[in-house]
Amino acid sequence: IGHPEIFPLVFTTKTQEIFNCRIDEDVTEENCFKLIKKEDIIQDLKTRATVSDFHPVKKVVLEYPGEELLVVFDAKFQYGQNFYFVASEEAKENLLKPPETAEEKEEEEEEEKEEEEEEEKEEEEEEEEENREETLEVHPYKPPVHKPWVSLGSEKEVEEESVKDTVTKIKYMISRVRRKFGAPITFADKNASNVKDSYVECTSYQDKTFSIKMLEKDVGIQMVPKVKEASTQTKWAYPKNAATQYFPRQLSNEEKEESLSSEKLKEFLTSVHLRMEIALQQNEIMNAFFDDWKALAEDESSSGGKPDVHLKAYQSFTDLHHLKDRTISCICWHPTIYGIIAVSVRERLSYEEQVNLCDKSLLQQSVILFWSFFDPIHPQLMLECPEDIYCFQFSPSDPNIIAGGCINGQVVLWDISQHEEKLQNAKTVADGVKKTAVNMVNASILNILQYIYPSLTQVQQSSTEPPLVRYCAVSSIEYSHKKAVTDIHWLPDYFEDNQVGATFENRAEICVQLVTCSPDSSVLFWDIPATKLPEQPSSEKVKEKEVLYMPPDVPDTFKHLCWKPLTKINLCESDTNREYGPVRISLRELHYHYKTSVNTLEVPAKESPYREMSTPSSKNLKVLENISTDFSVGTEDGEIVYSNWKMEIDSNVAKPHTQKYAIHTETINTLQRSPFFKDIILSIGGRNFAIWKEGVTNGPILQSSCSAGRYTAGQWSLTRPGVFFIGRDDGNIDIWDLLKKTHETSHFQNISESMITFISPWIASAKQHFLAVSDDLGVLHVLEICQTLSHPSRNEHANVLDYFEREVKYLKYCEQEFQEYQEFQAKTELK
Amino acid sequence: AEVEETLKRIQAHKGVIATIVINAEGIPIRTTLDNSTTVQYAGLLHQLILKTRSAVRDLDPQNDLTFLRIRTKKHEIMVAPGNISIKIIVELYVF
């Protein structure tokens, strides 16, 4: 509401009646003004207080200065109510009168405005004006009267809005010379920095207040491996079977002939064959297969330092049952089966009793025991002997035949073919081992075996006892030696003697002959005769009477053997008629090698060759001329005798070619040829030993000095030509190495407390060399020979040979000297 | 005839087991062994000779192979190469 003095009021009908301003009666639209006295309003106010319509304007009414208040009927609700109250006199006056003036003013304005515009409106407005004027009052037209301007507060606004100069304006006047206006101007560049103060710059500087030291910075790093993909493609070659068939190119015969005859070939051959021949000769001269490296090593090992020489104890065997109070007289290794060794047992006698040996009846059974390495407690086999065996040997051609010489002069043979397999399989500890070898399937053999071994089978079942094998042949007493057989040897298989004494070729290649010697001054040659397998055991055979009764459990091998020696040689010194008592015999041709019988397993199937042998007819055999029939014997009295058994048909020669030497003081207990040199013999007896060379008649090549103890046994080493072992009566073994020392033993080792009775070396394998030593207590010691003792050094053979030859020369020289001396003596005596 | 004589003489040497003569291509011309063994020897040794000869000549071009001896445990094989043919001898030594 723009007019602050206008107050709209609502007049109720009651109020309208009171103040006579009823609508449409007192107050109409045209006549809307009503003057009401102030007092009336105040009275109304008093009477009706709040109900009065003037209540809201009560204050204004009370302050109204005039007497009469104007109330205007507002038909059009111009101010919101049906009546409005005018608060001020001036306004009242204005309304009452200026409605006219206002209308007039409005008219004038409108007229002024719309004078240019349409007159119809004017007329309308005029008509309205007139209407209004007519209704109100007809006022005479008065020209507007200027009234003083009433400030309503807009002066301030105007003032504010008006723009006035705050500062006095400054006037500048710039003048310039006229000619400079519009003149051409040349611009030039000028460096602003040259002129001082031509520019102003604001340089940047490091504001200290804003410097922050970066102490830690979080930086993230990521590593990315460079990955590159690459690929290749290969051709896959799958395996494919491919085969080529070819045959060598060969020239046809004509082509060969042609090329053979070509000149070029001839030239070639002439040029080449010389080279060939040179090469061949070279090979003949020197050993092409000589290994220099190895020889170098050997030199080093033998020359430097003291090699460890010893005999390592390998095993020892003893059996309390059989060997009580007995001693071992002879040791023999089984030639083919590894680890089997046989010992012969006899009564232990003092020396005097031994010397006065006569056949005593022995209460205890004498045996030959077979030991195996794998079972040191139980003997594998026992051979029954009629008497004590002094010496025995395996047959070289058939290791199942064993020949032994007894104390009473008989010669005994055993056949252990049935037990061979057992011996070979003696690896298991022999308790409860049932012999399978005997259970032979072969029916033909069983026929024979009806007679054989019923007692033996009994023995088998008691498995703790080793099987007992009876001898299968024994020589007749009247033809045997009178004294103990002290040495027995098989003759080599390539010759045999006949009764005449000539040696013949032995075609059968089996050892069939034995030679024995005995202190009854005879050397006997025995022939193992043919034995035919009897189809009727008790029939035929005129000789049956002479057949010694054989107990039934003896192999049939030599069943009807009336065994007589083939040849007898009496050793007697022709001039003094003294007889020698040979104790040991050594034949020159005694070298033989044991055949490893491949057919051992076939023995059950095949008959032993001995059964089918017949006396070889001496007609068709060739007489061997170049076999040496020399032999040498060592006697009871300590003499060495060389002799020849070939009987001289020409008996003009009274004295056969014999020589004797008396070096030793006691019985010779060893007479052995060196396994390397056929003419070197080692003889041991009493307190010294001697080495002889056949053909050297002056004396021994080497004779040892008297030693403290007696030498009781000795053997050459099988592998080293200059080494031999000697056993003594104090239980020591002396190892003599001729290349090292010849005046004393190189090494000695104590084996047992009692006297050593026999030594036997053996090569079991390339690495194992054994030495079997038996002592007086009946214990068999098996020792392993160490490498230095068993492996010969390079040229040892040649060295030893050299040594012997030197000794021979020396002997000759000595003899010469002696002869010269004698001559000289003789000369001087003559004078 | 001379050829025969020479070969016989060599074959008669003590210890010689066999003699083979092969031509430049390795085909045996003359032999004292059986055919299959000869062929085997020829094939194997021919290659060896070629190799040996080339090795010798590589080392020194002025040099040439005169003789080749192969000593084995049991035998010794001697090869004398020539231009057109090669002779092979197999020897045995027991020591």
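Not measured: the values here are computed from a predicted model.

**Focus: the overall build of chain A**
Regarding its fold elements, chain A presents 16 helices and 37 strands. Out of the 831 residues in chain A, the part that is buried amounts to 43%. Partitioning the contacts of chain A with sequence separation of at least 6, the portion at a separation of at least 24 is 65%. Carbon and sulfur atoms provide 52% of the accessible area of chain A, an area that totals close to 50,300 Å².

**Side note on the overall build of chain B**
Counting secondary structure elements, chain B contains two helices and five strands. The 95 residues of chain B split such that 45% are buried. Counting contacts in chain B only where the partners sit at least 6 residues apart, residues at least 24 apart contribute 37% of the total. A total accessible area of about 5,300 Å² is found for chain B, and carbon and sulfur atoms account for 55% of it.

**Quick look at the sheet that holds strand β14 (residues 473–474) of chain A**
Residues and elements named next belong to chain A. Read across the sheet, four strands follow the order β10-β11-β12-β14 without closing on themselves; strand pairing throughout is antiparallel. The open sheet has two free edges, formed respectively by β10 (389–394) and β14, since each of these has just one partner strand. Sheet topology note: the strand β12 (residues 411–415)/β14 ladder contains two bridges and is antiparallel. When the bridges of β14 are listed, V412 appears paired with V474.

**Brief notes about the pairing of strand β4 (residues 83–86) of chain A**
It is a general feature of regular strands that their side chains alternate between the two faces of the sheet. All names here are of chain A. Residues F83 and F85 of β4 are buried on one face, and the alternating residues Y84 and V86, pointing to the opposite face, are buried as well. Here strand β1 (residues 6–9) runs beside β4; their pairing, made up of four bridges, is antiparallel. In the strand pairing of β4, I6 is matched with V86. Judged from the four bridges that link them, strand β3 (residues 68–73) and β4 form a sheet pairing that is antiparallel. Each bridged residue has a counterpart across the sheet, and for L70 the counterpart in β4 is V86.

**With respect to the pattern of salt bridges**
Residue and element names in this part refer to chain A. For the structure shown, the criterion picks out twelve salt bridges over all chains. When the shortest N-O distance is used, the salt bridge between D165 and K169 registers 3.9 Å. Each of the two residues, D165 as well as K169, counts as exposed. D737 serves as the salt-bridge partner of K740, at 3.9 Å between the closest nitrogen and oxygen. Here the residues in one salt-bridge network are R720, D737, K740 and E796, joined through shared partners.

**Concerning the side chain of Q749 of chain A**
Residue and element names in this part refer to chain A. With respect to the helices and strands, Q749 occurs in strand β34 (residues 747–750). In this structure Q749 comes out as buried when scored by relative accessible area, which is 17%. Leaving out residues up to four positions away in the same chain, Q749 has contacts with H310, L311, G731, N732 and I733.

**Remarks on the interface of chain A and chain B**
Each side of the interface is counted separately: chain A has 26 residues, and chain B has 40 residues. Each partner contributes to the roughly 3,100 Å² buried at the junction of chain A and chain B, and carbon and sulfur atoms together form 68% of this total. When the buried surface of chain A facing chain B is broken down by residue, M276, L280 and F289 of chain A rank first, second and third, together holding 21% of it. Along the contact surface separating chain A from chain B lie one salt bridge. Among the salt bridges present, the one from R9 of chain B reaches E277 of chain A, with a minimum N-O distance of 3.2 Å. Where chain A meets chain B, there are five residue pairs in polar contact (both at pLDDT 80 or more). Here the element with the most residues in the side of chain A that touches chain B is helix α9 (residues 263–285) of chain A; it accounts for 15 residues. Counted by class, the side of chain A that touches chain B contains 13 nonpolar, six polar and seven charged residues.

**Focus on the side chain of T52 of chain B**
With respect to the secondary-structure elements, T52 of chain B resides in helix α2 (residues 35–59). In this view, T52 of chain B contacts L65 and L68 of chain B; residues no more than four positions away in its chain are not counted.

**Digging into the sheet that holds β4 of chain A**
Residue and element names in this part refer to chain A. Across the sheet, four strands lie side by side as β1-β4-β3-β2; this open sheet has antiparallel pairing. Both outer strands of the open sheet, β1 and β2 (33–37), are each paired with one neighbouring strand and no more. Averaged over neighbouring strand pairs, the angle between their axes works out to 30 degrees when direction is ignored. Sheet topology note: the β2/β3 ladder contains five bridges and is antiparallel. The partner of I36 across the bridge, within β3, is L69. Against the sheet, helix α2 (residues 38–48) engages β2 and β3, with an angle of about 70 degrees to β2.

Reading the values: rules and limits
- Numbering of residues starts from 1 in every chain and runs along the sequence as written.
- Lettering of chains starts at A and numbering of ligands starts at 1, both following the order in which they are written.
- pLDDT decides what is reported in this predicted model: residues at 70 or higher carry local features, side-chain atom pairs at 80 or more are listed and counted, and totals for whole chains, interfaces and linings draw on all residues regardless.
- The side-chain quantities take in all heavy atoms of the structure and omit both hydrogens and water.
- Helix and strand assignments come from DSSP, with helices taken as H or I runs of at least 4 residues and strands as E runs of at least 2, each series counted from the N terminus.
- Burial classes: relative accessible area under 20% of the type maximum marks a residue as buried, over 50% as exposed, and values in between as partly exposed (1.4 Å probe, protein chains only).
- Contacts are assigned to residue pairs with any non-hydrogen atoms lying within 4.5 Å of each other.
- Exposure was quantified through the Shrake-Rupley algorithm and a 1.4 Å probe, taking into account, for residues, occlusion by the shown protein chains and nothing else.
- One bridge is not enough; two strands pair if DSSP finds at least two bridges between them.
- Counted as salt bridges are all cases of a side-chain nitrogen of Lys or Arg within 4 Å of a carboxyl oxygen of Asp or Glu.
- Defined here as a combined quantity, buried area equals the accessible surface (1.4 Å probe) lost by two parts on assembly, summed across both.
- A 3.5 Å cut-off defines polar contacts: any pair of N or O atoms within that distance qualifies, except that in protein one atom must be a possible hydrogen donor and the other a possible acceptor, and neighbouring residues in sequence count only when both atoms are side-chain atoms.
- Classes in brief: Ala, Val, Leu, Ile, Met, Phe, Trp, Tyr, Cys and Pro nonpolar; Asp, Glu, Lys and Arg charged; the others, Gly included, polar.
- Axis lines are fitted to C-alpha atoms, over the contacting stretch for helices. Their N-to-C directions set the angle, which ranges from 0 to 180 degrees.

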